[in-house]
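What follows is the residue order along each chain.
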Amino acid sequence: MTELAFGLAPEVRTTDVDEAADALGRVYVAAELTPIDTKSVNMQMNALQLPLLTAGYLGFGVDIAIRADDVTAYYIDAPLSGRAVSRWRDGGLVETTTGSVAIFTPGTPCVLDWSDDCGQVCLKISEPQMRWQLEAMLNRPVRKRITFDRQLNLSTTAANDWYHLVRLLAREAWQPGGLLNHQLAVGNLQLLLIQGLLQIQPHNYTEALTESEGPASDAVAKRAIDLMHAHPETPW
């Protein structure tokens, strides 16, 4: 999947560290980039900026430390190759490889260490957007910041179904005649990604959400994908 992920989305390639940091800041997050044992990078970023979220592929081609002091959105990082270690100031640490996902909550500065072969699918969802979606699901205001558990295990059926939606987005992005040429399908997929994450990943509103809607079926995401393929023009 690494070669195909968001392959037709707008691309940034650079070996200059400052240019890489500038591109990262414009699309994802302001961060200080420190390559290990080298003065350059081999950055590849293919990113798709949609109305509700940003999704793309990111790799730096070198061992690198990424310091993000101002985390203002939710980030979901899923390695397609290599290894990443994420460290938070409160002592939290998450190690991810293919088959696991790190989730970052606004207001939690961190340092990420990526191996030279690390390439990740990265999602960015603004804090207001995440809150609005949860409010719609709960049918009431959300007063406190939504704080997710920091690691999502893709071994569960529900989580794997959710990640299938990410893979669908990666495969279909900018494909001529593809699913995402249908505006309603794009909107449906974005909602499924955000609301699905709120359903499958523990956070400080999980209990309220469970009481409000009941546990989500593992078959929901698969059925939604089938519906989008069959009727991409339809709002559902």
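Everything discussed here concerns the structure shown above.
Residues numbered from 1 in each chain as written. Predicted model: local features only at pLDDT ≥ 70, side-chain atom pairs only at ≥ 80, totals over all residues. Heavy atoms only, no water.

*Asks:* Mind showing me how you'd approach the overall build of the chain here?
*Replies:* Each helix and strand in the chain was counted, giving 6 helices and 12 strands. When burial is assessed residue by residue, the chain has 49% of its 236 residues classed as buried. A separation threshold of at least 6 residues defines the contact pool for the chain, and within that pool the share at least 24 residues apart is 73%. Element-wise, carbon and sulfur atoms account for 49% of the exposed surface of the chain, whose accessible area totals about 11,300 Å². (Helix = DSSP H or I, 4+ residues; strand = E, 2+ residues; numbered from the N terminus. Buried < 20%, exposed > 50% of the residue type's maximum accessible area, 1.4 Å probe, protein only. Contact = heavy atoms within 4.5 Å. Areas by Shrake-Rupley, 256 points an atom, 1.4 Å probe, with all protein chains shown as cover.)

*Asks:* Please explain the sheet that holds strand β11 (residues 119-126) as it appears in this structure.
*Replies:* Hydrogen bonds between backbone atoms are what pair the strands of a sheet, whose relative direction is either parallel or antiparallel. Within the open sheet, the 7 strands sit side by side as β1-β3-β4-β11-β6-β9-β12. Their pairing is antiparallel. Every interior strand has two partners, whereas the edge strands, β1 (11-14) and β12 (151-153), have only one. Shown here is a sheet whose adjacent strand axes are inclined to one another by a mean of 20 degrees, direction ignored. Direction of pairing for strand β6 (residues 73-81) relative to strand β9 (residues 100-104): antiparallel, over a ladder of 3 bridges. Bridging from a neighbouring strand, Ile76 pairs with Ile103 of β9. Lying over the sheet, helix α2 (residues 127-138) contacts β6 and β11, oriented at roughly 70 degrees with respect to β11. (Pairing = 2+ DSSP bridges. Axes fitted to C-alpha atoms, helices over the stretch in contact; angles between N-to-C directions.)

*Asks:* Can you walk me through the side chain of Gln201 in this structure?
*Replies:* Relative to the elements of secondary structure, Gln201 occurs in the loop between α4 (183-200) and α5 (206-213). Contact partners of Gln201, with chain neighbours within four places excluded, come to Ile103, Phe148, Asp149, Arg150, Gln151, Leu152 and Thr206.

*Asks:* Is there a simple way to think about the packing of helix α3 (residues 157-172) against α4 in this case?
*Replies:* Two quantities define a packed helix pair, namely the angle between the helix axes and the distance between the axes. It is the contact of α3 with α4, at a shortest axis distance of 10 Å, that shows an interaxial angle of 155 degrees. Overall, the two elements α3 and α4 adopt an arrangement that is roughly antiparallel. For the pair α3 and α4, the sense of crossing is left-handed. Contact with α3, carried on its side by Ala158, Ala159, Trp162, Leu165, Val166, Leu168 and Leu169, involves Leu189, Leu192, Leu193, Gly196, Leu197 and Ile200 of α4 and no other residues of that element. Of the residues belonging to the contact of α3 with α4, the class tally is 12 nonpolar, 1 polar and no charged. (Parallel < 35°, antiparallel > 145°, perpendicular 65-115°, else oblique. Left-handed = near helix turned anticlockwise from the far one by under 90°. Nonpolar A, V, L, I, M, F, W, Y, C, P; charged D, E, K, R; others polar.)

*Asks:* Just checking my understanding: could you explain the sheet that holds strand β5 (residues 64-68) for this structure?
*Replies:* The sheet built from 5 strands is open, its strands ordered β2-β5-β10-β7-β8 with antiparallel pairing. Because the sheet does not close on itself, it has two edges, and the strands there are β2 (32-35) and β8 (93-96). Averaged over neighbouring strand pairs, the angle between their axes works out to 15 degrees when direction is ignored. Alignment of β5 against strand β10 (residues 110-114), held across 5 bridges, turns out to be antiparallel. Within β10, the position partnered with Arg67 by the bridge is Val111. Contacting β2 and β5, helix α1 (residues 17-27) crosses the sheet at an angle of about 140 degrees to β2.

*Asks:* How should I be thinking about the pairing of β8 in this particular structure?
*Replies:* The side chains of a regular strand alternate between the sheet's two faces. The alternating pattern of β8 places Val94 and Thr96 on a buried face and Leu93 and Glu95 on a face that is not buried. With 4 bridges connecting them, strand β7 (residues 84-88) and β8 associate as antiparallel partners. In the strand pairing of β8, Ser86 is matched with Val94. What sits between β7 and β8 in their antiparallel hairpin is a turn of 4 residues, with Gly91 showing a positive phi close to 95 degrees.

*Asks:* Honestly, the environment of Ala21 in this entry has me stumped. Any pointers?
*Replies:* Along the chain, Ala21 falls in helix α1. C-alpha of Ala21 to C-alpha of Met43: the two residues are 22 residues apart in sequence and 9.7 Å apart in space. In this view, Ala21 contacts Ala31 and Leu33; residues no more than four positions away in its chain are not counted.

None of the figures reported here should be taken as evidence of function without further support.
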